[in-house]
Amino acid sequence: MKVTWKLPDGSEISADVAEGTNMMEAAVANNVPNVIGECGGNLACATCHVYVDDAWAGKTGEQDDFEDAMLDATEAPREDRSRLSCQIVASDGLDGLVLIVPEA
Ligand code: FES
C-alpha cells in the first residue's frame, strides 16, 4: 500500500509499505522527520504521533484506552485526528493513506 507523509515544511514523502507494517516503522524506514518511535511501538512514548488527513478520518481504526491516554503526552498539540502511528497497521484498505507530521 502507498502512504504519504506531509511534512511541516510543506514537502511530502511517499513510500510503498508492506502489509502488516505499522506506520511508525514505515516512517522511520523512510527517514520521515519527527516520527521517532522511541519505544519501538509499545505504546510507551508518544514520539510516533501523527495527524490523520481529514480524508482518512475514521478509517484508520479506533484508539484503545491506552493509546488515548498516551495521546495526552504528545509533544505537539493533540487534535481529534491525532494517532500514535505505531498503532496504525498497513492493510489494503489503507492504500493511499495520508498522514500529517507534527512540528515536534
Ligand atoms: S512508538 Fe512509542 S508509542 Fe508509538
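Residues numbered from 1 in each chain as written. Predicted model: local features only at pLDDT ≥ 70, side-chain atom pairs only at ≥ 80, totals over all residues. Heavy atoms only, no water.

J.: How should I be thinking about the overall build of the protein in this particular structure?
T.: When helices and strands are counted, the protein shows 2 helices and 5 strands. Overall, the protein shows an N-to-C arrangement of helices and strands of β-β-α-β-α-β-β. A compact globule built from 104 residues would reach a C-alpha radius of gyration of about 13 Å, and the protein, at 12 Å, matches this within 12%. Overall, the protein is about 30 × 30 × 25 Å in size when its C-alpha atoms are taken along their principal axes. In the protein, which comprises 104 residues, the proportion classed as buried is 45%. Considering only intrachain contacts with a sequence separation of at least 6, the fraction spanning at least 24 residues in the protein is 61%. For the protein, the computed accessible surface area is about 5400 Å², with 44% contributed by carbon and sulfur atoms. Considering the protein, the positive charge centre built from 6 side chains and the negative charge centre built from 20 side chains are found 6 Å apart. (Helix = DSSP H or I, 4+ residues; strand = E, 2+ residues; numbered from the N terminus. Rg over C-alpha atoms; globule rule 2.2 N^0.38 Å. Buried < 20%, exposed > 50% of the residue type's maximum accessible area, 1.4 Å probe, protein only. Contact = heavy atoms within 4.5 Å. Areas by Shrake-Rupley, 256 points an atom, 1.4 Å probe, with all protein chains shown as cover. Lys, Arg positive; Asp, Glu negative; His and termini not counted. Charge placed at Lys NZ, Arg CZ, Asp CG, Glu CD.)

J.: Any chance you could explain the pairing of strand β2 (residues 12-16) here in plain terms?
T.: Two faces, one strand: in a regular strand the side chains alternate between the faces of the sheet. The pairing of strand β1 (residues 2-6) with β2 spans 5 bridges and is antiparallel. Each bridged residue has a counterpart across the sheet, and for valine 3 the counterpart in β2 is alanine 15. (Pairing = 2+ DSSP bridges.)

J.: Please explain the sheet that holds strand β4 (residues 82-84) as it appears in this structure.
T.: Strand pairs in the sheet, formed through backbone hydrogen bonds, run parallel or antiparallel to each other. Reading across from one edge, β2-β1-β5-β3-β4 is the order of the 5 strands in this open sheet, with mixed pairing throughout. Because the sheet does not close on itself, it has two edges, and the strands there are β2 and β4. Taken over all neighbouring pairs, the strand axes of this sheet differ in orientation by 35° on average, direction set aside. (Axes fitted to C-alpha atoms, helices over the stretch in contact; angles between N-to-C directions.)

J.: I keep staring at the side chain of threonine 74 and nothing clicks. Help me out?
T.: Considering the arrangement of structural elements, one finds threonine 74 in the loop between α2 (65-70) and β4. Looking at threonine 74, its side chain comes within polar contact range of the main-chain oxygen of leucine 71, at 3.3 Å. Only 2.8 Å separates the side chain of threonine 74 from the backbone oxygen of alanine 76, close enough to count as a polar contact. Sequence-distant contacts of threonine 74, that is, excluding residues within four places in its chain, are made with Ala46, His49 and Leu84. (Polar contact = N/O pair within 3.5 Å; in protein donor to acceptor, adjacent residues only side chain to side chain.)

J.: It is not clear to me how unusual backbone geometry should be interpreted in this structure. Could you clarify?
T.: Glycine aside, a negative phi is what most residues show, and trans is what most peptide bonds show. With a phi close to 75°, asparagine 34 is a non-glycine residue in the positive phi region. Its relative accessible area of 27% is what places asparagine 34 among the partly exposed residues. Here the phi dihedral of alanine 46 falls at roughly 65°; this positive angle occurs in a residue that is not glycine. With respect to the helices and strands, alanine 46 occurs in the loop between α1 (23-29) and β3 (49-52).

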